[in-house]
Amino acid sequence: MTVLVIDGQGGRIGRAIVEQLRTAGFAGTVVAIGTNTTATAAMMKAGADAGATGENPVVVNAAKADVITGPIGILAANSLLGEITPKMALAVSESSAKKVLIPMNRCHIFVAGTPELPFSETIALAVQAILRQA
């Protein structure tokens, strides 16, 4: 199974997901795609198997992934302070991969009915959801 982790800015969410997947013993492939080199480096240091930066890696790898994870903003064009391009958002949304998204009430997106949990608990729930796909 291939999990595609997409993150931007400092890569904090992506790094946490990769770390917890590895801690849980996930043996599949983790591909880290950052919208910038800082985010990619953070996810690589956390234990991703491969990494790349930018729009085209998101487009190419979204088509190949079994699961795509990251902040909910990866579905919205121009989110993450403009780091998610329209092509990136389209590639993620059109991918047949399961999407396990972290609800962040930023980027002008609010998910009604989603409790505001501590960051670590939200990441743990996301990792559990990913592991159920394996």
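Scroll up to find the structure this text is about.
Each residue is numbered by its place in its chain's sequence as written, counting from 1. Residues qualify for local features only when their pLDDT is at least 70, as the model is predicted, and side-chain atom pairs are given and counted only at 80 or more; totals for whole chains, interfaces and linings, by contrast, use all residues. Side-chain figures throughout are based on the complete set of non-hydrogen atoms in the structure, without hydrogens or water.

Undergrad: Break down unusual backbone geometry for me, citing the residues and quoting the values.
TA: A negative phi holds for most residues other than glycine; trans holds for most peptide bonds. One non-glycine residue, N78, adopts positive backbone phi at about 70°. Comment: elements are numbered from the N terminus, with helices defined as DSSP H or I runs of at least four residues and strands as E runs of at least two. Looking at the secondary structure, you find N78 in the loop between β4 (67-71) and α4 (79-82).

Undergrad: If you had to explain the environment of T53 to someone new, which residues and values would you point to?
TA: Relative to the helices and strands, T53 resides in strand β3 (residues 50-53). For each residue, the accessible area found with a 1.4 Å probe, counting protein chains only, is set against the maximum for its type, and the residue is called buried under 20%, exposed over 50%, and partly exposed in between. Judged by its relative accessible area of 34%, T53 is partly exposed. Separated by 29 residues in sequence, T53 and A24 place their C-alpha atoms 26 Å apart. Throughout, a residue-residue contact means that at least one pair of heavy atoms, one from each residue, lies within 4.5 Å. Among residues more than four places away in sequence, those in contact with T53 are G34, T35, N36, T37 and T40. Think of a polar contact as two N or O atoms within 3.5 Å of one another; within protein, one of them needs to be a possible hydrogen donor and the other a possible acceptor, and neighboring residues in sequence only count if both atoms come from side chains. One polar contact links T53 to T40, side chain to side chain, over a distance of 2.7 Å.

Undergrad: Go over the packing of helix α3 (residues 55-62) against helix α5 (residues 86-94) with me, naming the residues and quoting the values.
TA: The angle between two axes is taken between their N-to-C directions and runs from 0 to 180 degrees, where each axis is a line fitted to C-alpha atoms and a helix contributes only its stretch in contact. As a packed pair, α3 and α5 sit with axes 9 Å apart at the nearest point and diverge in direction by 10°. Viewed along their axes, α3 and α5 adopt a mutual orientation that is roughly parallel. Classified by chirality, the crossing of α5 by α3 is left-handed. Every residue of α5 that contacts α3 at E55, V58, V59 and A62 is listed here: K87, M88, A91 and V92. In terms of residue class, the contact of α3 with α5 is built from six nonpolar, no polar and two charged. Between 65 and 115 degrees an angle is taken as roughly perpendicular, under 35 as roughly parallel, over 145 as roughly antiparallel, and anywhere else as oblique. Less than a right angle of anticlockwise turn of the near helix away from the far helix marks a crossing as left-handed, whereas a clockwise turn marks it as right-handed. Under the grouping applied here, Gly and all other residues not named as nonpolar or charged are polar, the nonpolar ones being Ala, Val, Leu, Ile, Met, Phe, Trp, Tyr, Cys and Pro and the charged ones Asp, Glu, Lys and Arg.

Undergrad: Requested: an account of the pairing of strand β2 (residues 29-34), with residues and values cited.
TA: Burial analysis of β2 places five of its six residues in the buried class, which makes it a mostly covered element. Sheet topology places strand β1 (residues 2-7) next to β2; six bridges connect them, and they run parallel. Bridging across to β2, I6 finds its partner in I33. Where the polypeptide runs from β1 across helix α1 (residues 12-23) and back to β2, its parallel neighbour, the crossover connection is right-handed. Where β2 lies against β3, four bridges are found, and the strand directions are parallel. Within β3, the position partnered with A32 by the bridge is G51. Two strands qualify as a pair provided DSSP detects at least 2 bridges between them. Note on handedness: a crossover is taken as right-handed if, strands pointing away from the viewer, the path from the first strand over the helix to the second is clockwise.

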